[in-house]
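# Chain and residue survey
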Amino acid sequence: WPESVRSVSLAANALAAVPRLGDLVHSELRALFLNSNRLVSVDLQPLAGAKKLERLWLNNNELRNVDLAPLAACQTLRSLYLDHNRCTNFDLSPLRSCALLRALRLTANPIVGELDVTALISAVSLSLLETDPRTKLRAEATFATLPPALRKRSPSIHW
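Below or above, wherever it landed, is the structure these notes cover.

Calculation notes
- Residues numbered from 1 in each chain as written.
- Predicted model: local features only at pLDDT ≥ 70, side-chain atom pairs only at ≥ 80, totals over all residues.
- Heavy atoms only, no water.
- Helix = DSSP H or I, 4+ residues; strand = E, 2+ residues; numbered from the N terminus.
- Buried < 20%, exposed > 50% of the residue type's maximum accessible area, 1.4 Å probe, protein only.
- Pairing = 2+ DSSP bridges.
- Axes fitted to C-alpha atoms, helices over the stretch in contact; angles between N-to-C directions.
- Phe/Tyr/Trp six-rings, centres within 6.5 Å; stacked < 30°, edge-to-face > 60°.

What follows concerns unusual backbone geometry. Although it is not a glycine, Ser-36 sits at a positive phi angle of roughly 60°. Within the secondary structure, Ser-36 is located in the loop between strand E2 (31–33) and strand E3 (55–57). We note that His-84 has phi near 60°; this positive angle belongs to a residue other than glycine. On the basis of relative accessibility, which here comes to 39%, the residue His-84 falls in the partly exposed class.

Another point: the sheet that holds strand E5 (residues 103–105). The parallel open sheet is built from 6 strands, whose spatial order is E1-E2-E3-E4-E5-E7. A strand with exactly one partner marks an edge of an open sheet, and here the two such strands are strand E1 (7–9) and strand E7 (128–130). Strand-to-strand twist in this sheet, taken as the mean axis angle between neighbours without regard to direction, amounts to 5°. Here E1 runs beside E2; their pairing, made up of 3 bridges, is parallel.

The final tally for this structure, using the stated rule, is 2 aromatic pairs. Both rings, one in Phe-33 and one in Trp-57, keep their centres 4.6 Å apart while their planes meet at 65°; by these two values the pair is edge-to-face. Of this pair, Phe-33 sits in strand E2 while Trp-57 sits in strand E3; the two residues are 24 residues apart in sequence, bridging distant segments of the chain. Pairing Trp-57 with Tyr-81 gives two aromatic rings, centres 4.7 Å apart and planes at 15°, and the pair type is stacked. One end of the pair, Trp-57, is in strand E3; the other, Tyr-81, is in strand E4 (residues 79–81), and 24 residues separate them in sequence.

And the structure:
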């Protein structure tokens with residue numbers, strides 16, 4: 001793909017696998033939409049080279065585990081949609097470097113145990129954090145350090 005391509009959408013194509021994600025990703029990519037497919041797994045490692053990535057939508061798939069580690073390099077990430085999948089846990093620690101993150105959607109995943117949202121403290125612009133009401137949140141922080149979306153949920157956070 002030429003570097004002039006800023007957005008790639010493979011949404012709603014009934015894909016069971018992503019064809020060579022590395023071929024879709026380059027340093028100027030701003031948005032990658034893989035939502036509304038039948039993906040069971042996705043390797044996000046090629047996204048480590050997408051330094052300007054702002055939007056990543058993986059919602060409405062059948063993902064069971066998503067390694068978010070490569071997203072630590074995506075410091076301009078603003079929205080990450082992982083809702084409506086089959087993930088039982090999320091390690092959000094790689095999102096610590098995503099200070100511009102505004103929206104994180106995790107609803108409709110069978111999350112087991114507590115979800116540690118401590119890494120989201122650095123996302124000072126976070127205004128949308130969607131989880132199921134039954135999902136227990138945990139944070140190692142004080143109320144004053146929480147971004148707005150977590151302050152709204154503060155009664156449900158275990159300190």
